[in-house]
Amino acid sequence: DWGRGCIRTMLPQISPNQSQEVRQRGNQLGGSLPGLKGHLHSSLDEQQKQPLTPGAPPPPPTDAPLYKHPWVWCVLALLIWIVFGTVWYGFWHGFSVIVAFYYHVQAGLSIGFGFPGAEEICYKDPSQISSPTVRHYATGPGMQFPLPSEGGRGGCQAADISKAVTVLNILTGSTIIAFCIGVLADSLTSPAGGWYKRLIAEERLKHLQKQTKEHPMAWLKIQMMKNWVRAVGCAWLWVVIGILYGMFSDQKMSFITAFYYSVTSMTAAGMEGPATIQGEPSRPVSVEELNQGHWVWFIVYAVIGAPIYGWALTAIAAGYVDWVTKHDFHSTLHEQITPDEFKIMDYLGYPSHHGEGGDGEIDMFEFVECQLLRLNLVSVSHLMQIKMRFIDLDIDDSGTIDKDELILPGGVEQPAHPGMSYAMDALKSIHHEIEDMRDARSKLTTEEKTRLNDESQALAKEKTSQAALNKTWGRFYKQAWFKCFVVFCLWVMSACIFYSQWQQWGFWQSLYYSIQAGMSVGFPLPSEDEMCTKTGIEGRAALFIYPEGQMYTPFADGGRGGCVAGDMSKLFTTMLILVGSSIIASSIGIIAVALLNPPGGWYKQLIAEEEHNHFRKIAEESEGWVDDVYVYAKMYASKGWVRSVLALLAWITVGITYGTMSNQRMSFVTGLYFAVTSVSTGGLEAIMLLGDDTPSGDVRLELDEFPGGNFAFVTGYLMIGIPIYAWALTEIASFFTKAMQEKWTRDML
């Protein structure tokens, strides 16, 4: 009842007087009604009304002011964010403008190169800190935290203040970036005339496929028209540029290290940062002496590369998800209509004058609407807005719109699309298929049609029952989440086997490194180059460490250090990141589709919205404030962005508790810094190899001596926290872009 009531309230109840007003306004304009802002019953602002001249065309549309374009606010927010962070780090850490800009962007965008570190300020000579305020918090009495040899973790209050600002920068920056990506995606996926341009592209693709035998170049054109081919091509081109920089610049990277740097920068893992070496012959230098161009390059490369990688990842994942979910589309299309769905379908189609249901029969118009809703391709609200727009344009209440009513005189004429013939051919072929189907059915007798319909209904009933059975726990192996889980486990298992055999780490260390590297977190501990300085490596890895010529030039001699074995490990990690990010993106897409398209989801959402309206009316009509608080709390608790933010805050609290209460001995701010940079894949605060507090002094441990429970906790924390953070970020961005989407819908109608 709530679902049907919601549809009744959405549709306008047209009275004869209102229809007469619409006709009179149309006659004043010479038979054409200009596009109204809002719906039929929304009153126009009196100040915006202009005197109408009989027979005169409506005024041409004017462009909106610059400040009303969403992209302007995106650019403005980004500039404010960048300027604030650059000024802050320049003042607090004493960085130059370029280094401050580099540090802010790589930390705020969760790249996390880890160099320079926030705690370096704690160990500077006080004379090198120009600000008295910063000097006080860095070297003043009681501002230094105990060192690991004293049973602490090190650092100072100045570093903690910087970490707190970095946490805010990460949360703010990721929200701004998500909003900007939403604006950009909306403009790309919803361009003017996008629907028929997509149809033209599809038909042109079919046309080229027919010419592949006669014209070999047609195959290349077909590939270049595919989104995933262009995206992957751009990503590989950017990787090559990064490799060339790493090999031929002062950074002195080997080919594999340069490849490792390129991929981990584009994926925001940040596992290979800049080294403070330069010159010919190469020599070590300080942060201040390093050529400023390197800082600029690292940021520009990551800022451009991350969207390119995201584009490629999205294109690949979208193709895989479409392939997997194609079966779900056909299953949903042929599933039987439930009695609940039929009740609401009766209110679709042409609106009733009295808000009553239909005649108990479903025509093609109503059937198409219902299937669009079941496939989650449109919302009830949008359908109702479309119908109200139709009523706006139907001046003579004939139930149809002619060209003069639909295309306004005096408007801005758009040139015809050069490929419009492809679109017309596509539509003609579709209509020919439908007509052929009708002709074939017209030749059948009533008994044959009944038999075919019975067979179709029996098949639909069987598919419906099978689909419902496959969603039970007894058939969990057929569900999307289980398939994703199996692929993810195989990915993690292969990585664990490699690191345990090659790096010769324990199980928990291998699992920890597999997750934090594969999910682009990029904690700096442990390092894959540490094996180059060990003496106890055995097996095949030893062949690429100890023999002559396997070690690279050490840092003290102007090189980057490392060895061939470390490079081979980096090459595996690069492949791990590329494969893992594709698996995770595809899994998230499949699970999201399953969650967004539950059985009867479209009308259950409609019922939930009307239920909220019902409770809101009760709260407004009742006295007192207690019931109001309860109702609104219940309403907000059901909103996605509220639940996601609460889940994120709870998980951050878990991370803070671990950092402050475990042998990591973090301060509250450092615990917050660890929690936020972990779930956001920044990886700016790694665990330290600290043992239990002892009075004997140094409690630093070797990697093999460190308790495996720390690695186990951080691994689980990342596996749960990263999806929660992505969920919260998506919900917040959707919350901000919803109004923009609604405006776009109104403008398009």
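Q: Quick question: what am I supposed to make of the packing of aromatic side chains here?
A: By the definition in use, this model includes 31 aromatic pairs. An aromatic cluster of at least three residues, connected via ring pairs, comprises F498, Y499, W502, W505, Y513, F544 and F572.

Q: Can you walk me through unusual backbone geometry in this structure?
A: If a residue is not glycine, its phi is most likely negative; likewise, a peptide bond is most likely trans. One non-glycine residue, K252, adopts positive backbone phi at about 55 degrees. Summarising the element assignment, K252 is placed in the loop between helix 9 (227–248) and helix 10 (255–266).

Q: I tried to follow the nonpolar core on my own but got confused; where do I start?
A: Across soluble globular proteins, you tend to see nonpolar side chains buried next to one another. Formed by 106 residues in total, the largest nonpolar core has its most connected members in I121, M266, Y513, F523, M531 and V714. For this core, the element with the highest residue contribution is helix 11 (residues 292–334), accounting for ten residues. Sequence-distant contacts of F523, that is, excluding residues within four places in its chain, are made with Y512, Q516, F674, S678, G683, E685, A686, V714 and L718.

Q: Looking at this model, I keep getting lost on helix 3 (residues 70–93). Mind explaining?
A: Since the α-helix advances by 3.6 residues per turn, residues separated by three or four positions end up pointing in the same direction. The end-to-end C-alpha distance of helix 3, which contains 24 residues, comes to 34 Å, matching closely the 34 Å that a straight helix rising 1.5 Å per residue would cover. Residues V72, C74, W81, G85, T86, W88, Y89, W92 and H93 constitute the buried set of helix 3. Phi turns positive, to about 75 degrees, at G94, one or two residues after helix 3.

Q: Teacher, can you tell me more about the state of the cysteines here?
A: Here a disulfide denotes a covalent bond joining the sulfur atom of one cysteine to the sulfur atom of another. Following the criterion strictly, the structure yields two disulfides and no others. The side chain of C122 participates in a disulfide bridge whose partner is C156; the two sulfur atoms lie 2.1 Å from each other. Judged by the torsion about the S-S bond (-80 degrees), the C122/C156 disulfide is left-handed. In this pair, C122 sits in the loop between helix 4 (97–108) and helix 5 (132–139) while C156 sits in the loop between helix 5 and helix 6 (157–189), placing the two residues 34 residues apart along the sequence. Both residues of the pair, C122 and C156, belong to the buried class. Across a sulfur-sulfur distance of 2.1 Å, C532 and C563 are joined as a disulfide pair.

Q: Would you explain the environment of S680 in this entry?
A: Within the secondary structure, S680 sits in the loop between helix 24 (668–679) and helix 25 (708–748). Under the relative-accessibility criterion, S680 is labelled buried at 4%. For the pair S680 and I170, spaced 510 residues apart in the sequence, the C-alpha separation amounts to 7.9 Å. Setting aside residues no more than four positions away along its own chain, S680 makes contact with S110, I170 and Y725. A distance of 2.7 Å separates a polar atom in the side chain of S680 from the backbone oxygen of V676.

Q: Explain the packing of helix 18 (residues 480–502) against helix 19 (residues 507–518) here, please?
A: The packing of two helices is summarised by the inter-axis angle and the distance between the axes. Put simply, helix 18 and helix 19 touch, their axes get as near as 8 Å, and they point 120 degrees apart. When the interaxial angle is binned, helix 18 and helix 19 end up oblique. Crossing of helix 18 against helix 19: the hand is right-handed. For the pair helix 18 and helix 19, contact is made by F488, W491, V492, A495, C496, Y499 and S500 and by S510, L511, Y513, S514, I515 and G518, respectively. A class-by-class count of the residues in the contact of helix 18 with helix 19 yields nine nonpolar, four polar and no charged.

Q: What's the story with a nonpolar patch on the surface in this structure? I'm lost.
A: Taken together, W473, F476, Y477, W481, F485, V486, L490, M493 and I497 make up a surface patch of nonpolar side chains, about 960 Å² in accessible area. Take V486: it is sitting in helix 18. Classification of V486 by relative accessible area gives partly exposed; the value is 33%.

Conventions adopted
By convention here, each chain's residues receive numbers from 1 onward along its written sequence. Thresholds applied to this predicted model are a pLDDT of at least 70 for local features of residues and 80 or more for the giving and counting of side-chain atom pairs; totals over whole chains, interfaces and linings are not thresholded and use all residues. To get the side-chain values, all heavy atoms of the structure are used, and hydrogens and water are removed first. Two rings belonging to Phe, Tyr or Trp (six-membered ring only in the last case) form a pair when the distance between their centres is within 6.5 Å. Interplanar angles under 30 degrees mark stacking, angles over 60 mark edge-to-face geometry, and anything in between is tilted. For helices the rule is a DSSP run of H or I covering at least 4 residues; for strands it is a run of E covering at least 2, with both sets numbered from the N terminus onward. Residues grouped as a nonpolar core are buried Ala, Val, Leu, Ile, Met, Phe, Trp, Tyr and Cys residues, joined through side-chain atoms within 4.5 Å. Three exposure classes are used, based on accessible area relative to the maximum for each residue type with a 1.4 Å probe and protein chains only: buried under 20%, partly exposed in between, and exposed over 50%. In this description, contact between two residues means that some pair of their heavy atoms is separated by no more than 4.5 Å. Here, expected helix span is obtained from the residue count minus one, scaled by 1.5 Å. Disulfide assignment relies on a single distance test, namely cysteine sulfur atoms paired within 2.5 Å. Any N or O atom pair separated by 3.5 Å or less is treated as a polar contact, with the protein-specific requirement of one donor-capable and one acceptor-capable atom, and with residues adjacent in sequence counted only for side-chain atom pairs. Fitted lines through C-alpha atoms serve as axes, helices being fitted only where they are in contact, and the angles separating the N-to-C directions of these axes extend from 0 to 180 degrees. Here is the rule for angles: anything less than 35 degrees is roughly parallel, anything more than 145 is roughly antiparallel, 65 through 115 is roughly perpendicular, and the remaining ranges are oblique. Crossing handedness is read from the near helix: turned anticlockwise from the far helix by less than a right angle, it gives a left-handed crossing, and turned clockwise, a right-handed one. Here the term charged refers only to Asp, Glu, Lys and Arg, the term nonpolar to Ala, Val, Leu, Ile, Met, Phe, Trp, Tyr, Cys and Pro, and the term polar to all other amino acids, Gly among them. For patches, a residue must show more than 30% relative accessible area and have no salt bridge; joins then use 9 Å for like charges and 5 Å for nonpolar side chains, namely Val, Leu, Ile, Met, Phe, Trp and Tyr. Each accessible area is a Shrake-Rupley result for a 1.4 Å probe, and residues are judged covered by the shown protein chains and nothing else. Salt bridges, as used here, are contacts in which a Lys or Arg side-chain nitrogen is within 4 Å of a carboxyl oxygen on Asp or Glu.

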